[in-house]
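Overview (structure and organization)
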Amino acid sequence: MSTVLKYRPEIDGLRAIAVLSVILFHAGVPGLSGGFVGVDVFFVISGYLITGILLRELSAGTFSLVTFYERRARRILPALFLVLLVCIPFGWFLMDPYAFWRLGQGLIAVTIFVSNILFWRTTDYFAATAGNPLLHTWSLGVEEQFYIFFPLFLWLVWRHARAWLWLSILLVAAASLAISQWGVQTGRLVAAFYLIPSRAFELLLGALVALAAFRGRIPNLGAQLAESLAWVGLGAVVWAVTMFSGGTPFPGWRALVPSLGTALILAFVQADGLLGRVLSWRVMVGLGLISYSAYLWHQPVFAFVHIAGWSPGVGVSLGLVAVSLLLAWISWRYVEHPFRDRAWISRRAVFWWAGVLSAGMLGFGAWLVATQGVSSRYTAEELAWWRYADIGLQSGYVVRRFDAHAGVFAPGAERKILILGDSHAQDFVNMVYEAGVWQDAQIRTIYIPTICQMSYVEEDVSKNIAPINRPACARNPTIRSSMPQIREADIVVMVSSWQSWSAELMPKTISNMNLRSDQHLFVVGPKSFGEVDIHRLLALGKDSRAALRNKISSEVFRANAILKRGLPGEVFVDQVEIICGPDGLCPQVTGHDGLISYDGGHLTQEGAEYIGKRIFAESGLRLAR
């Protein structure tokens, strides 16, 4: 039996739909808010094609892991290494040292196919797409991790329990889907998005279609019904692309929409039917042939344009799509295609070049990490300012003290202070320490995420919380669950990036807390300092930086106004009025030329000292010092 699958041009047409969905989503084209599901389409296609090849090899007795990994190397590595190599000089000239250092981390992770794990630990896909040239490689990590184990799994089941092959794949797929849904339901959305246990079911769904085709188990439904099911599949894919968004709880069962849609197309599309002819159209097939290179190129193109300081509109973004497709054709024609030709390059040469390039990429990535993005290229002043752009460093400062004070109060006679809230509460703890106050007190903290807000009322407030965040909020602390510690505290401080609805409920929340007369309560309002552009701040110079003022956002202004109207003056602490004045024009630097906020909302160490000293001197907090 031949181990080569019959070429189906309609699959290349389906690849074209998948890659265009992803690229146009990243281009910000309206109406394609769920374009990220193009990756799910790719997963199902990949599982289908590779399982089909493996089953034929197992049946013919020609299965070889070496041959399998040779095919993967020829398919994946040449274009990938080309894109990585091109990213390096652009990173050198356009990235700050800390971003270049993170690119080094990415180079290492991509080379050993664990970038999905790296980004799980460091990056929210929907929040960071624009500025990370390697973020899209998470999907390669998922695929290659899957193909480390799947061929062995398939071989073992084929050899020892062939009659159970269908059930074995189905059970593993069901387990993966259950893990994915559990991750979504428990608020572990980032892990569910990036990691293979919650993504494998999509590749396995393609494998099940391939197994059904291999065994002749795809039902012969007649041309008209089969064509209808294929169109239903395309409708499911299109529905997900247009109706899903970054706010959709995903993957979980919702990933079945594009995945099952793809499976239906693979199983039932007719080569001579209308959909088959559409997908086999020369332009669609051509886009499908270059889809892998197009996927690789588009993210660096968009990311480096963003890093260079440009914010292109949809028109320019469509031009960047064209650039990505041109680069894709070039790399497909002159890199991908030649490396797949065994007559042009031998197996030994493929593995040799793969080893050399992998070692080189790992070595260069390690050098970038060790030198912090070759920071010796910068002056001391530049490095001091670029440190503000290191989100990992700055966010680590924000959370460290707050996390260290989590827990229950210990017995003792000293004052007990409880600080509750989100990352703005983490900032407040740093203000306390940098201002040198409450040193005689026992401080404890409780983290309540911004996405959940703080309220303690009888009515159902879940309608105010985005559906994607409700599972996480259900398992996080609340004011209600924190009442035992609140009752122990002498001073209770509630700090949050308040939303209008939670600010409106604050008087009722305080009433329901039923605090003792000898307890002190402070509600600290939200803050914002506008967009932070380190390139611009460096270029301005000290005097110009000191004169900069940014107007606070309308959301912060509104929440502050609601809190100020509803709470006593001795309870409410209005940071914006103290730091920015009544007109809400906020400075970006302290009197000593230190940056106040590294991202417009959260404080640097200099910012925590500057604001901490002022609010403890100029608000009701001064009475509790």
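Residues numbered from 1 in each chain as written. Predicted model: local features only at pLDDT ≥ 70, side-chain atom pairs only at ≥ 80, totals over all residues. Heavy atoms only, no water.

**Side note on the pattern of salt bridges**
Per the stated rule, a full pass over the model turns up 25 salt bridges. For Glu202, the salt bridge identified is with Arg199, shortest N-O distance 3.1 Å. Its relative accessible area of 0% is what places Glu202 among the buried residues. Arg199 sits in the buried class, given a relative accessible area of 1%. The residue Arg545 makes a salt bridge to Asp593 at a minimum N-O spacing of 2.7 Å. Here Arg545 is found in helix α26 (residues 542-547), whereas its partner Asp593 is found in the loop between β7 (585-587) and α29 (605-618), with 48 residues between them in sequence. Asp593 carries the same exposure label as Arg545, and that label is buried. A network of salt bridges, in which partner residues are shared, links Glu70, Arg74, Arg342 and Arg347. (Salt bridge = Lys/Arg side-chain N within 4 Å of Asp/Glu carboxyl O. Buried < 20%, exposed > 50% of the residue type's maximum accessible area, 1.4 Å probe, protein only. Helix = DSSP H or I, 4+ residues; strand = E, 2+ residues; numbered from the N terminus.)

**Considering the pairing of strand β1 (residues 416-421)**
Among the 6 residues of β1, 6 are classified as buried, and the element is accordingly described as predominantly covered. Here β1 shows a buried face lined by Lys416, Leu418 and Leu420 and a second buried face lined by Ile417, Ile419 and Gly421. Pairing analysis gives 6 bridges linking β1 to strand β2 (residues 442-447), with the strands arranged parallel. For Leu418, the partnering residue across the bridge sits in β2 and is Arg444. Following the backbone out of β1, through helix α20 (residues 423-435) and into the adjacent parallel β2, one traces a crossover that is right-handed. Taken together, the 5 bridges between β1 and strand β3 (residues 491-495) define a ladder with parallel strand orientation. Considered in β3, the bridge of Leu418 is made with Val492. (Pairing = 2+ DSSP bridges. Right-handed = clockwise from strand over helix to strand, strands pointing away.)

**Considering a nonpolar patch on the surface**
Taken together, the side chains of Trp164, Trp166, Leu167, Leu170 and Leu171 define a hydrophobic patch exposed on the protein surface, amounting to about 510 Å² of accessible area. Locating Leu171 in the fold gives a position in helix α8 (residues 165-185). (Patch = residues over 30% accessible without salt bridge, like charges linked within 9 Å, V, L, I, M, F, W, Y side chains within 5 Å. Areas by Shrake-Rupley, 256 points an atom, 1.4 Å probe, with all protein chains shown as cover.)

**So, the sheet that holds β1**
Taken in spatial order, the 5 strands of this open sheet run β2-β1-β3-β4-β6, and their pairing is parallel. The sheet is open, and its two edges are formed by β2 and β6 (572-573), each paired on a single side.

**Examining the nonpolar core**
The biggest cluster of nonpolar side chains holds 117 residues, and the ones touching the most others in it are Leu80 and Trp138. Ignoring sequence-local partners within four residues, the contact set of Trp138 consists of Val39, Phe43, Ser115, Asn116, Phe119, Tyr125, Phe193, Tyr194, Arg199 and Tyr295. (Core = buried A, V, L, I, M, F, W, Y, C linked by side-chain atoms within 4.5 Å. Contact = heavy atoms within 4.5 Å.)

**A short note on the side chain of Thr509**
For Thr509, the position within the fold is in helix α24 (residues 506-513). Once you skip the residues sitting within four places of it in the chain, Thr509 turns out to touch Ser455, Tyr456, Val457 and Met494.

**A word on helix α3 (residues 65-94)**
Between its terminal C-alpha atoms α3 stretches 41 Å, which fits the 44 Å expected from 30 residues at 1.5 Å a residue. The largest bend in α3 is about 35 degrees, located at Leu77, with the proline Pro78 one to four residues further on. For α3, the N-terminal cap is Ser64; the gap from its side-chain oxygen to the backbone nitrogen of Val66 is 3.3 Å. (Expected span 1.5 Å × (residues − 1). Bend = angle between axes of the 7 residues up to and from the residue. Polar contact = N/O pair within 3.5 Å; in protein donor to acceptor, adjacent residues only side chain to side chain.)

**Structural notes on the UniProt feature "domain: SGNH" (unreviewed entry) in the protein**
The feature "domain: SGNH" (unreviewed entry), as given by UniProt, occupies residues 408-615 in the numbering adopted here. With 38% helix and 14% strand, residues 408-615 has its two end C-alpha atoms placed 27 Å apart. (UniProt positions renumbered as here; feature names shortened; annotations may be inferred.)

**Points about the pairing of strand β4 (residues 520-524)**
The side chains of a regular strand alternate, first on one face of the sheet and then on the other. For β4, the buried fraction is high: 4 of the 5 residues fall into the buried class. Taken together, the 5 bridges between β3 and β4 define a ladder with parallel strand orientation. Residue Val493 lies in a different strand from β4, and its bridge partner there is Phe522. Pairing of β4 with β6 involves 2 bridges; the strand directions are parallel. Its bridge partner lying in β6, Val523 is registered against Phe572.

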